[in-house]
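Architecture at a glance
The residues making up each chain are set out below.
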Amino acid sequence: MKRIAFGMLLIAGTAAALACEPALRGAGVRTIEGQTYVVAWRANPAIRVGDFFALDVAACSRRNNAPTTLRVDAQMPEHRHGMNYRPTVSSRGEGRFAVAGLMLHMPGRWELTFDLRGADGAETLRTNLPVP
């Protein structure tokens, strides 16, 4: 009985994960999955040291509520510092965001952070971003 209940729980969890598919596709899209939110993002133009770039971001909640706010930042954990510029985030509605004004001023391992908030709560998702 316990085995069947666990299997049903696993199937239900998989169905919930599949229900949340960010509306961003195509070349260069990267995805980060958290407990509550899933984020898809693409840099435009490609990330190069010392050049400004923007992000197209799409996010959804596993409970089908899109996040209402997003904050993006980047840090170099080994160097204990972040970017020299603060990006701006504009909501495009329904979990879509445009992030402008990002610049990674030196090569190395950066950590890109997405802070999401919405009806389903708050969550911070992080991804490593090596910059040659």
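Residues numbered from 1 in each chain as written. Predicted model: local features only at pLDDT ≥ 70, side-chain atom pairs only at ≥ 80, totals over all residues. Heavy atoms only, no water.

1. Description of the state of the cysteines
Evaluated as defined, the whole model comprises one disulfide. With a sulfur-sulfur separation of 2.0 Å, C20 is cross-linked through a disulfide to C60. Taking the torsion about the sulfur-sulfur bond, which here is approximately 105°, the covalent link between C20 and C60 counts as right-handed. Of the two residues, C20 sits in the loop between α1 (2-19) and β1 (30-33) while C60 sits in strand β3 (residues 52-61), which places them 40 residues apart along the sequence. One exposure class covers both C20 and C60, and it is buried. (Disulfide = S-S within 2.5 Å. Helix = DSSP H or I, 4+ residues; strand = E, 2+ residues; numbered from the N terminus. Buried < 20%, exposed > 50% of the residue type's maximum accessible area, 1.4 Å probe, protein only.)

2. A word on the sheet that holds strand β5 (residues 81-82)
Spatially, the four strands line up as an open sheet ordered β5-β4-β8-β9, and their pairing is antiparallel. Taken across any chain shown, the strands that pair with only one partner, and hence form the sheet edges, are β5 and β9 (121-131). As judged from the two bridges shared by strand β4 (residues 69-76) and β5, these two strands associate in the antiparallel manner. Considered in β5, the bridge of Q75 is made with G82. (Pairing = 2+ DSSP bridges.)

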